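What follows is each chain in one-letter form.
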Amino acid sequence: MRTRFLLLSFVLMISGCDSKSGNNEPSFALSGTITAAIGTAVDNDVNDPEASYEPNDTPATAQPLLNPTLLGGFVSRAGIGSGTFSSRGDITDIYQATLAKGQSVTLFISDHDVTNPYDIDLDIELYNTAQITPETQPVALAISTTAGTESVRVPENGSYRIIVRAIRGASNYLLTIGQPSTALQTNPPFVPGDVIVRFKSSMTAASTTQDFAASTGLVKKKGTAGQTMLFSLDNGTRYQQTQQLTGISMAADSNHASGQEQHKRETIEIVKALRKRPDIESADLNYIRHAAAIPNDQHYPLQWGYPLINLPQAWDVTALPNTNNQQVIVAVVDTGVFLTHPDLQANLLATGYDFISNPSVAADGDGIDANPDDPGDDATPGGSSFHGTHVTGIIAAQSNNATGITGVSWGTDTKVMPVRVLGRGGGTTYDIIQGIRYAAGLSNDSGTVPPQRADIINLSLGGPGFSLTEQAEYNAVRNAGVIILAAAGNDNTSLPSYPAAYDSVISVSAVTMTQEKAPYSNFGSSIDIAAPGGNTAADSDGDSYPDGILSTLADDTAKPVYSFYHGTSMATPHVSGVAAILKSLDPQLDPDKFSTLLQAGKLTTDIGTPGRDDLFGFGLIDAFKAVESINIDLPPIVAINHSGPLNFGPFVNQLTFTTRNAGSGTFTITRVADDADWLEVDPQALDGSEGLFTVTANRAGLVDGRYRATITVETDNSSPLAIPVTLQVGEHQTKGNTGQSYVLLIDPGTMEVIHVVNADNDSGNCNYRFDKVPEGEYFIIAGTDLDNDGLICDPGEACGGYPTLERLQSVSVYNDMSSLDFGSNFEIIIRALANNPEQPEMSGFSRYPDD
C-alpha cells in the first residue's frame, strides 16, 4: 500500500532545496513547496549517504526530541546492506526527551516479517538517568514477539533517554511519543515464565515432550501430548537456558532490568527461540485476558471522529435488542473493495460489479464483469490506494469482534455493495454513470441489475466539469429512491466539484479533530453537510498518531492492513454510515425526507455561522441528533450540550458542560469521574439527569506536550457517557522534519521517472523546482530512503504526493506552474492479521537507473 517508485530514467540529482533538473528540452518550469507534517522528526544518523549525518549512538550525543513526536529512523547490526553503516552497523539510536507520567513511547518495526520474526528484531528501552553505563537499569523496556510493535509507559514526569537497539538484522522504524492509546496493545500483560507450546503432529508421544523439557530446561505445567501444552521456565536455570536457546548473551547486547522485568524479557526471548525449532508448530506467551468494553474492536480508540459526531449515543439505540433494524444496502462506487479483508468480508454483498470498460484502466485483465475486487489502481507495485476499501471500512467494518476498527453503522444490518468504477488513473464519467445506475437498479451496460437496489450511494470521487447528461442521470437515481452522497473535493477552493455539486446529490465537506474546516476541503454554495475528514499533518490530541481517519486497507502484496487517510473522501462515508443508521430505524426514509431533515437542522450540529454556511453547509453530522429525529421509543440516554472533546487548548484553564436526558424514561447521575491527575470535575448544580459541571485543568508540574483524558458520567438507568478532554501545555509545535527527500516527476502513462531533484526537508518546508519540463501530464511524488535500499517511500520512510498521496492527480503542463504544494509524512501501517505466511513481501524497485 505504501507507494514505491522506480527511477527508470535518471536525469540529474542536485543537492539543495532549490535544485534544478537539467536537460536540453525547451519547456516549462514547475515549482512548489513540500511541508513536513507538524511534529515529525528524523533520526540523525540514517543509512542514506545523501542525508545529513550527526551521530546519536552514545548518551553524550543523544538526539533531543520534542513531545509529542513521530520519528522515522534506522538501525542495523554490522555487515548488512550498503550505505553509511554497511560495515560497522548502527546498533543503537539514543534520544532524549522530557516525558510525562503515563505517556507512551511506541516503536513500529517497519521491516518486521510475521513469517520469520526472528531475523529482524529491535528493542526499545527507557532510562531516566543522565548517564547510561552497563550498570544502569532501564525503568521500562519492551521486546516484540510477533507483532512488530513495542511500547513502554513512562512511570513519572522527567527527562528520559530512549534507546532503540538492533538485536538482529536491520530495519527502518517509526518511533512515537505521546499520550497512551489503548488501541495498540503492543505489550499486553502475560505470565512471566509461562510458555504455551503446540508440537507438530508428528511429535505427539509423551516421550517427545519429555525430551523437549529435558533439552530446554522448561518444566511441563499442564496439558497432554498431542494437545496444546503449558510449560514454565525453571527459576533456577532460566537465565542459563535463555542463553542456550537464543544463542546470544543478553548482558552483552543490552542493559536489562532485574527481577520481574528481566523474567519477562527472558520469557519472550525463549518464545522467539522456540519458534525456530523444527518440532514446534507454535510457541506463545500466556497472555492475561480481561472482560472487554463495548465496542471491543482493537483500534476503536483511534477513531476520534466517532465521539465528535455523537456516534456512541446513537449506538445506544441501534444496539437495543428490540430495535426494529431493517437491512440497509450502501453502494460504494469507487475503486472496488479488497474482498478478502477480514474486517469487511461479513458485511460485503456478493452482488457488486466492475464497470471499468477499459481493460488497461481496470488492471484485472478484462472490462465490465461481475467481480468488484480491487486489484490495485496504480501501475507501480506498492502504489495502489485501495481507496474504496478505506471508504467501506468507515461505513461498515465488522464491529465488536475484538479486532480492527468499528464501522459507523455498528448495531444495524448494513451491507456494502461494491461497485468498481475507478482504476489506474481514475475513471470516466460514462463508467461512473453505469455504476450508479446499476446500484439504483436501473438499466445499464452490464445487462443486469442487483436483486435489491442500494438505499444509499457513496461517491468519494469527483472533479471539475458540469455535464447536463450527468445531472440527468443523478436525478434519475434520486428519483429511484436512492440517497446520494458525494465528496466535496480536496482542492481548498469554492469552485464546484462534480458529482457533489449536482442538485440531486448531498455534498460533504471535511472537518478536523478540532471541528475546523480541513485545510484541503472545498467550500462554497454547493456544500450541504460536514463530517470528520481529518488532517494527517496534525496531531491535535497528542497521541503521536496523525489526525487522519483510520480504516481498512490493503497493499499490493494482497495483505490486509489499516492506515490513516484524510480527505472529503473520508468525510463522506461518515455521513453515509449515519444515513444507514437512520434508514435501518426508518424504512420510509428517502432522499426527500433526508433533505428535509437536513435543512431543518435535525441531522447536524451547527458549528459555523448560524444557519447554513459555505464551509459546513447545514452543519456537522450528528448521529445521535439524527436518531432523535426518527419517531421511535428511545431508552434513557445521558447527553451533554457539547459536540466533540472538551479542548482546553494552550491557555484555557476552566470549561463547563451540562447534562440532560436525551431519551425517554428517567435516570439519576450517580458518579462523574476522570482519569487524569491534572483534571478536576466539580458539580455546580445537579438534579437527577440535569447537571452543570465545571472542569478545571491544572498545568502545574506538567511538562510541555499535549495531554488527553476522559470524563465518565455514570447513571442508575442508562449507558455511561465518555467525554474526551484535551490539553496543551507549552507552545504548540508549528513544524516538522521528514529529512532528506527525493522529488520525482513521473509520467502517469509509463510510470517512468522524468526528473529527480534532491530536497532536504529539515526546516519544515522545502521549495522544489523542475526546469525544462516537456509539455504533458505528470505525477509529482516525494519520499525518503532512510535504509538506502534505493526505494523511496518504504515502510518507515516519509512520503507525499500532489495534491495528496492517497489520490494523486496528474499535472497538465503547458506553461510554467507554481504553488504545486503538498505535504510529506511518515505513515503508520497497522497489520490486519497477526500471521499471514502465504502472502509475499513487497518487492522493491531501485531509484537508480539500469546501467
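One can find the structure itself at the top, above this paragraph.
Peer 1: I'd like to hear about the overall build of the chain, residue by residue, with values.
Peer 2: Looking only at helices and strands, one finds 13 helices and 42 strands in the chain. Scored against the burial criterion, the 851 residues of the chain give a buried share of 59%. For the chain, restricting intrachain contacts to residue pairs at least 6 apart in sequence, the fraction spanning at least 24 positions comes to 74%. Total accessible area on the chain is roughly 31,500 Å²; 48% of this is exposed by carbon and sulfur atoms.

Peer 1: Explain the pattern of salt bridges to me, using residue names and the numbers behind them.
Peer 2: Under the defined criterion, the tally for this structure stands at 15 salt bridges. Asp354 serves as the salt-bridge partner of Arg420, at 3.1 Å between the closest nitrogen and oxygen. Of the two residues, Arg420 sits in strand β18 (residues 414-420) while Asp354 sits in strand β17 (residues 353-354), which places them 66 residues apart along the sequence. As far as the burial class goes, Arg420 and Asp354 line up, both buried. When the shortest N-O distance is used, the salt bridge between Arg708 and Asp541 registers 3.5 Å. Here the residue Arg708 occupies a position in strand β33 (residues 705-715), and Asp541 occupies one in the loop between β22 (529-532) and β23 (549-554), the gap between them amounting to 167 residues. Taken together, the shared-partner salt bridges connect Asp354, Asp364 and Arg420 into one network.

Peer 1: An account of the sheet that holds strand β6 (residues 104-109) is needed here, citing residue identities and associated values.
Peer 2: Taken together, the five strands give an open sheet; going across it, the order is β2-β4-β11-β6-β9, and neighbouring strands pair in mixed fashion. In this open sheet, the two strands that pair with only one neighbour each are β2 (40-42) and β9 (149-153). Adjacent strand axes in the sheet meet at a mean angle of 20 degrees, parallel and antiparallel pairs treated alike. With five bridges joining them, β6 and β9 adopt antiparallel strand pairing. Residue pairing for β9: Val105 is matched across the bridge by Val152.

Peer 1: Outline helix α11 (residues 568-585), supporting the account with residue identities and numerical values.
Peer 2: Spanning 18 residues, α11 covers 26 Å between terminal C-alpha atoms, matching the ideal 26 Å at 1.5 Å per step. Most of α11 sits inside the fold, with 18 of its 18 residues counted as buried.

Peer 1: I'd like a description of unusual backbone geometry, backed by residues and values.
Peer 2: With an omega of 5 degrees, the peptide bond between Asn67 and Pro68 qualifies as cis. Considering the arrangement of structural elements, one finds Pro68 in the loop between β3 (63-64) and β4 (69-76). The linkage connecting Tyr802 with the following residue, Pro803, adopts the cis geometry, with an omega of -10 degrees. Relative to the assigned elements, Pro803 resides in the loop between β39 (798-801) and β40 (811-813). A positive phi angle, near 65 degrees, is found at Ala402, a position not held by glycine. Relative to the assigned elements, Ala402 resides in the loop between α8 (387-396) and β18. Phi at Gln515 takes a positive value of approximately 65 degrees, unusual for a residue other than glycine.

Peer 1: Tell me about the state of the cysteines, residues and numbers included.
Peer 2: Scanning the model with the defined rule gives one disulfide in all. Note that Cys793 is cross-linked by a disulfide to Cys799, the S-S spacing being 2.0 Å. Measuring the twist about the S-S bond at about 80 degrees, one finds the Cys793-Cys799 disulfide to be right-handed. Cys799 matches Cys793 in its accessibility class, with the two residues each being buried.

Peer 1: Quick rundown of the packing of aromatic side chains? Include the residues and the values.
Peer 2: A complete count under the given rule lists 20 aromatic pairs for this structure. Grouped by ring-pair contacts, the aromatic residues Tyr300, Tyr306, Trp315 and Trp410 constitute a single cluster.

Peer 1: Tell me what's going on with α8, and back it up with residues and numbers.
Peer 2: Along an α-helix, residues three or four positions apart point the same way, because every turn accommodates 3.6 residues. Across the ten residues of α8, ten count as buried, placing the element largely inside the fold. For α8, every residue scored as buried is listed here: His387, Gly388, Thr389, His390, Val391, Thr392, Gly393, Ile394, Ile395 and Ala396.

Peer 1: Give me the packing of helix α9 (residues 429-439) against helix α10 (residues 468-479): which residues, what numbers.
Peer 2: At a closest axis distance of 10 Å, the pairing of α9 and α10 adopts a crossing angle of 10 degrees. Judged by the inter-axis angle, α9 sits roughly parallel to α10. Note on element contacts: α10 touches α9 through Thr469, Glu470, Glu473, Tyr474 and Val477, opposite Thr429, Ile432, Ile433, Ile436 and Arg437. In the contact of α9 with α10, the residues fall into five nonpolar, two polar and three charged.

Peer 1: Got a sec to walk through the sheet that holds strand β28 (residues 646-647)? Specific residues and values, please.
Peer 2: Across the sheet, which stays open at both edges, the four strands sit in the order β28-β34-β33-β30 with mixed pairing between neighbours. Strands at the two margins of the open sheet, each flanked by one partner only, are β28 and β30 (669-674). Where β33 meets strand β34 (residues 721-729), nine bridges bridge the pair, whose relative direction is antiparallel. Its bridge partner lying in β34, Thr712 is registered against Ala722.

Peer 1: Describe the environment of Ala36, and please don't skip the residues or the numbers.
Peer 2: Positionally, Ala36 belongs in strand β1 (residues 28-36). Taking the C-alpha atoms as reference points, Ala36 and Asn737, separated by 701 residues in sequence, lie 5.6 Å from one another.

Peer 1: I'd like a rundown of the environment of Ile780, residues and numbers included.
Peer 2: Of note, Ile780 is situated in strand β38 (residues 776-783). Linking Ile780 and Leu808, residues 28 residues apart in sequence, is a C-alpha distance of 8.3 Å. Sequence-distant contacts of Ile780, that is, excluding residues within four places in its chain, are made with Val743, Leu744, Leu745, Tyr768, Phe770, Gly800, Gly801, Tyr802, Leu808, Val811, Leu820 and Phe822.

Peer 1: So what about the pairing of strand β10 (residues 158-168)? Which residues, and what values?
Peer 2: Counting buried residues along β10, nine of its eleven residues qualify, which places the element largely inside the surrounding structure. Of the pairings in the sheet, the one linking strand β5 (residues 92-99) to β10 comprises eight bridges and is antiparallel in character. Opposite Ile94, over in β10, you have Ile163 as the bridge partner. Two elements, strand β7 (residues 121-127) and β10, share seven bridges in a ladder whose sense is antiparallel. From the neighbouring strand, Leu126 faces β10, where its bridge partner is Ile162.

Peer 1: Describe the pairing of β23, and please don't skip the residues or the numbers.
Peer 2: Among the six residues in β23, six count as buried, and that is most of the element. The pairing of β23 with strand β24 (residues 560-565) spans six bridges and is antiparallel. Looking at β24, one finds that Leu553 is bridged to Val561.

Peer 1: Describe the side chain of Asn444, listing the residues and the values that go with them.
Peer 2: If you trace the backbone, Asn444 turns up in the loop between α9 and β19 (456-459). On the basis of relative accessible area, Asn444 is assigned to the buried category, the value being 12%. A polar atom in the side chain of Asn444 sits 2.9 Å from the backbone oxygen of Leu442. Excluding its chain neighbours within four sequence positions, the residues that come into contact with Asn444 are Phe355, Gln434, Arg437, Tyr438 and Val449.

Peer 1: Residue-level account of the packing of α8 against α11, with values.
Peer 2: Following both chains from N to C, one finds α8 and α11 inclined at 35 degrees, their axes separated by 8 Å at the closest point. Read as a crossing pair, α8 and α11 show a hand that is right-handed. Packed against α8, whose contacting residues are His387, His390, Val391, Ile394 and Ile395, the element α11 presents Ser569, Met570, Pro573, His574, Ser576 and Gly577 at the interface. Partitioned by chemical class, the residues of the contact of α8 with α11 number five nonpolar, six polar and no charged.

About the thresholds
Residues numbered from 1 in each chain as written. Predicted model: local features only at pLDDT ≥ 70, side-chain atom pairs only at ≥ 80, totals over all residues. Heavy atoms only, no water. Helix = DSSP H or I, 4+ residues; strand = E, 2+ residues; numbered from the N terminus. Buried < 20%, exposed > 50% of the residue type's maximum accessible area, 1.4 Å probe, protein only. Contact = heavy atoms within 4.5 Å. Areas by Shrake-Rupley, 256 points an atom, 1.4 Å probe, with all protein chains shown as cover. Salt bridge = Lys/Arg side-chain N within 4 Å of Asp/Glu carboxyl O. Pairing = 2+ DSSP bridges. Axes fitted to C-alpha atoms, helices over the stretch in contact; angles between N-to-C directions. Expected span 1.5 Å × (residues − 1). Disulfide = S-S within 2.5 Å. Phe/Tyr/Trp six-rings, centres within 6.5 Å; stacked < 30°, edge-to-face > 60°. Parallel < 35°, antiparallel > 145°, perpendicular 65-115°, else oblique. Nonpolar A, V, L, I, M, F, W, Y, C, P; charged D, E, K, R; others polar. Polar contact = N/O pair within 3.5 Å; in protein donor to acceptor, adjacent residues only side chain to side chain. Left-handed = near helix turned anticlockwise from the far one by under 90°.

The quantities given are spatial measurements derived from coordinates; they are silent on function.
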